[in-house]
Amino acid sequence: MSSPRTAGLAVLRRPRAPAAAGLLTLGVLAIAWPQLVGSSALFFWETTVIAVLFATSVNLLFGGGRIPSFGQAAFYGAGAYAVAEAASRSWPVPLALLLAVVVAGALAMVTSLITWRAAGLAFAMLTLAIAQAIYTLVVQVSWLGGYNGIPGISVPALAGINFYNPANLWYLDVVCVAIGMLVFWRVMHSPFGHTLNSIREDPVRAAFLGVNIRAYRAVAFTIAGCGAGLAGGLFAYVNQVVTPDSLYWTQSATPIIMLLLGGITYYWGPAVGAVLLSALLNYLTQATTNYLLYIGLLLLAVLIVMPRGLLSLPTVVSDLWSRGRVASGSRSSGARTGLVPVGSSTDTVAMPGEQDQENPP
Amino acid sequence: MSGDPSAVEVRGVVKRFAGNLALDDVSLVIPAGQLHAIIGPNGAGKSTLFGVIAGEHRPDRGTVWVAGRDVTRIAAHRRVRAVGVARAFQVARIFPEMSVRQNVAAAVIAANGSARQFWRVKPLRVASVVADEALERLSLVPVAGRPARALSQGDRKRLEIAMALVLRPRLLLLDEPTAGMSPEETAATVELIRGIWSLGGLTVMLTEHDMQVVFDLAQQLTVMDRGHVLCSGEPETIRGRDDVREIYLGRAHGAA
Ligand SMILES: Nc1ncnc2c1ncn2[C@@H]1O[C@H](COP(=O)(O)OP(=O)(O)OP(=O)(O)O)[C@@H](O)[C@H]1O
Ligand SMILES: [Mg+2]
């Protein structure tokens, strides 16, 4: 039985061969992709892998630390504008993307200091308000192009590779996203990630283990901001124009929908959600003007059947299956997520608080 | 200051919850290395006293000294490192979705400072080995891989003690450590606490409603009632006092 919350120690015991095979497949697919889908579809796939990175960065907050930020668009947009400015000065690509990461990270750090004492709903509202304030500000700044934004962004050639070739832009995009994904994988499986998970599970317990929970939340927020900045920076190159839309609150909401769809407790959850939602949006916006309705219905359906997202499907199925095998008894609390081995002697959890209901020897 | 400072010194602490006086001018001195039990009826203020010592509650008046340091204004998470306080809660607080081993590993990395590392994976592997040693001591090895929320109340209590121990505390606060345990588990936990304490260098404070446990373990008792300290002393002396019998022991024995 494998727990979905593998972030942490469980992953160390996971067999490496299937993981390596999976990554190899992804790598081969990424190389062959321009030939497979054709250059006209590449733009869609470029923005999709950017969404994968963005959603994964948001998952460090929501899944990793239960830090409900509704303002990640601010850092995504900051990265996009940073690259737009750098590109207009013909900065080399690595430097421009580094600028995006640094600017977004710095902005996230400042935000985390402003929101230092807030948690839960108050934190969510504050992040939303800060992001919207930044949006309003940028719209009024003329050197950032106001509502029209900054058009005509081109990718300067890098080490003799020119990016007018769409396949090359795809490779640049994919390599940068892969680096970002690797960083988030390491962070989520590091001692820091484990500590962040413990704060998610019970901040009071974590504090009484000596963990400065506010500082850890702030660092996680900053790292997630860097990831959003890289995603936004890549988007600027791919889209060739940056508008204030990249800072708007819907831009914060999209990755949240993606990671709810895919599964908030899984490393690959946001990636799956991002691919699915991007594909759906791409199809639905051409087919109907009511696409938001369908997206909403889909999200609702998924969350009713699989509250932990699409990746929890195996656990949901195995839970249903084992529930069918066991003569339906009184399995109440443990059955909810299907993780407790059925019939295990520790299945029943005593109500917290009192000691007088313990079974006799 | 000369000699060993007391492990805990609470001076004139008042703690009020929305008008409800949970601690009313409480003063208490606990010498270093003692195994000390706080007893008293429900609502006496025992847990609140632990909360004030550990940093969960900031007293409205008075000061709290641990190991000779005024910690009244030191945040809870800093007290863990600064003066070596570790606590287990009355209702065990654990990380429910993590495995039992991961719970203890979280405590290990919090204690050894490697929690700040966000790139290397190895410290977590080391922590899991240290965690297994602690689980061994508390006979939790058979459930090490289970999600913590699947544990019985008694096992949760022991898990929390395991997490407290890997912090290598000098002051251990155990709020009703045997609550929810079977008689066998209770006996084992009493032995465990005695074993840990007899290794030396550790002051243990515990609250307990089970008088058997209290008289088995404690060197000294403090009796609380309605936010006041009624008296402190040797178990035998306390047992003989009529006022204690009346407010606490009598009622407890009647109930049992
Ligand atoms: N967080 C809180 N908010 C409000 N009132 C509280 C809080 N904690 C404790 N109290 C009140 O303070 C008083 C002392 O409670 P406390 O939990 O310290 O008692 P106790 O001696 O530990 O009792 P028990 O044996 O039931 O655990 C009680 O009247 C309780 O209702
Ligand atoms: Mg209590």
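Calculation notes
- Residues numbered from 1 in each chain as written.
- Chains lettered and ligands numbered in written order.
- Predicted model: local features only at pLDDT ≥ 70, side-chain atom pairs only at ≥ 80, totals over all residues.
- Heavy atoms only, no water.
- Near = heavy atom within 4 Å.
- Polar contact = N/O pair within 3.5 Å; in protein donor to acceptor, adjacent residues only side chain to side chain.
- Areas by Shrake-Rupley, 256 points an atom, 1.4 Å probe, with all protein chains shown as cover.
- Axes fitted to C-alpha atoms, helices over the stretch in contact; angles between N-to-C directions.
- Helix = DSSP H or I, 4+ residues; strand = E, 2+ residues; numbered from the N terminus.
- Left-handed = near helix turned anticlockwise from the far one by under 90°.
- Contact = heavy atoms within 4.5 Å.
- Nonpolar A, V, L, I, M, F, W, Y, C, P; charged D, E, K, R; others polar.
- Pairing = 2+ DSSP bridges.
- Salt bridge = Lys/Arg side-chain N within 4 Å of Asp/Glu carboxyl O.
- Buried < 20%, exposed > 50% of the residue type's maximum accessible area, 1.4 Å probe, protein only.

A.B. asks: Explain the site of ligand 1 to me, and be specific about the residues and the numbers.
C.D. replies: Residue and element names in this part refer to chain B. As a structural note, the neighbourhood of ligand 1 is formed by 14 residues, with N42, K46, S47, T48 and Q90 the closest of them. Within the side chain of N20, one N or O atom sits 3.3 Å away from an oxygen atom of ligand 1. Here an oxygen atom of ligand 1 sits 2.7 Å away from a polar atom, N or O, in the side chain of K46. Notes on ligand 1: free accessible area 630 Å², of which the protein chains cover 64%.

A.B. asks: Tell me about the packing of helix α4 (residues 93-114) of chain A against helix α9 (residues 213-239) of chain A, and please be specific about residues and values.
C.D. replies: Residues and elements named next belong to chain A. Direction vectors running N to C along α4 and α9 enclose 145 degrees, while the axes themselves pass 7 Å from each other. Between α4 and α9 lies a crossing of right-handed hand. Across the interface between the two elements, V93, A96, L97, A100, V101, A104, G105, A108, M109, T111 and S112 of α4 pack against A218, F221, T222, G225, C226, G229, L230, G233, L234 and Y237 of α9. Among the residues forming the contact of α4 with α9, the class breakdown is 14 nonpolar, 7 polar and no charged.

A.B. asks: Give a detailed account of the sheet that holds strand β2 (residues 20-30) of chain B, specifying residues and quantitative values.
C.D. replies: Residue and element names in this part refer to chain B. Strand order across the open sheet formed by 4 strands is β2-β1-β4-β5, with antiparallel pairing between neighbours. Unpaired on one side and paired on the other, β2 and β5 (69-70) mark the two borders of the sheet. The sheet contact formed by strand β4 (residues 61-66) and β5 spans 2 bridges and is antiparallel. Bridged to W65 within β5 is D70.

A.B. asks: Please give an account of the pattern of salt bridges that cites residues and values.
C.D. replies: For the structure shown, the criterion picks out 14 salt bridges over all chains. Where R205(A) meets E160(B), a salt bridge forms, and the shortest distance between an N and an O atom there is 2.6 Å. Of this pair, R205(A) sits in helix α8 (residues 203-207) while E160(B) sits in helix α5 (residues 153-165), on two different chains. Residue R205(A) shares its accessibility class with E160(B), and that shared class is buried.

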